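Residues per chain are reported as follows:
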Amino acid sequence: MPPKGTVEINKEVCKGCKLCVVNCPVSCLSLNTQDTNSHGLHYAYLAEPEKCIGCANCGVMCPDAAITVYRLSR
């Protein structure tokens, strides 16, 4: 069974560059095209939390340090 994780994305810091979305190996992140932050930018969010493995690729790729990754203990 793959490890489980979760991410927190600060939507006010996220500029919607999609680097996290593109680099997620399990495709659990997505860009929110229905809403914007206070800067008028679409932001990334955890679309499928059950898929997240806590690999931290998204956090490493984020140029604005808007993502915090957590590994969940079982």
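Quick notes on the rules
- Residues numbered from 1 in each chain as written.
- Predicted model: local features only at pLDDT ≥ 70, side-chain atom pairs only at ≥ 80, totals over all residues.
- Heavy atoms only, no water.
- Helix = DSSP H or I, 4+ residues; strand = E, 2+ residues; numbered from the N terminus.
- Rg over C-alpha atoms; globule rule 2.2 N^0.38 Å.
- Buried < 20%, exposed > 50% of the residue type's maximum accessible area, 1.4 Å probe, protein only.
- Contact = heavy atoms within 4.5 Å.
- Core = buried A, V, L, I, M, F, W, Y, C linked by side-chain atoms within 4.5 Å.
- Polar contact = N/O pair within 3.5 Å; in protein donor to acceptor, adjacent residues only side chain to side chain.

Some remarks on the overall build of the protein chain
Alright, step 1. Counting secondary structure elements, the protein chain contains 2 helices and 4 strands.
Alright, step 2. Secondary structure of the protein chain in N-to-C order comes out as β-α-β-β-α-β.
Alright, step 3. In terms of overall size, the protein chain behaves like a compact globule, its C-alpha atoms giving a radius of gyration of 12 Å where 74 residues would be expected to give roughly 11 Å.
Alright, step 4. Looking at the protein chain as a whole, 26% of its 74 residues qualify as buried.
Alright, step 5. A separation threshold of at least 6 residues defines the contact pool for the protein chain, and within that pool the share at least 24 residues apart is 62%.

Describing the nonpolar core
For soluble globular proteins, nonpolar side chains are generally found buried alongside one another.
Alright, step 1. Grouped together as the largest cluster of nonpolar side chains are 15 residues, with contacts concentrated most on V7, C20, C28, L29, L46, C58 and I67.
Alright, step 2. At the level of secondary structure, the elements contributing two or more residues to this core comprise α1 (19–23) and β3 (43–46).
Alright, step 3. Here this core gets 3 residues from one element, more than from any other, and that element is β3.
Alright, step 4. Not counting residues within four places of it along the chain, the set of residues in contact with L29 comprises V7, I9, C20, V21, C24, Y45, L46, A47 and C58.

Notes on the side chain of N37
Alright, step 1. Here N37 is to be found in the loop between β2 (29–32) and β3.
Alright, step 2. Taking relative accessible area as the criterion, N37 reaches 5% and is therefore assigned buried.
Alright, step 3. Side-chain polar atoms of N37 contact the backbone nitrogen of H39, separated by 3.0 Å.
Alright, step 4. N37 has contacts with K11, E12, C14 and Y43, leaving out every residue within four places of it along the chain.

Regarding unusual backbone geometry
Alright, step 1. Unlike most non-glycine residues, K18 shows phi in positive territory, near 70°.
Alright, step 2. Within the secondary structure, K18 sits in the loop between β1 (5–9) and α1.
Alright, step 3. For K18, a relative accessible area of 40% puts it in the partly exposed group.
Alright, step 4. With a phi close to 75°, A56 is a non-glycine residue in the positive phi region.
Alright, step 5. With a relative accessible area of 26%, A56 lands in the partly exposed category.

A closer look at the side chain of N32
Alright, step 1. Tracing the backbone shows N32 in strand β2.
Alright, step 2. A polar contact of 2.9 Å, which involves the side chain of N32, links it to the backbone nitrogen of Q34.
Alright, step 3. Engagement of the side chain of N32 in a polar contact is seen with the backbone nitrogen of D35, the distance being 3.2 Å.
Alright, step 4. If near-sequence neighbours (up to four positions away) are discounted, N32 is found in contact with H42, Y43 and Y45.

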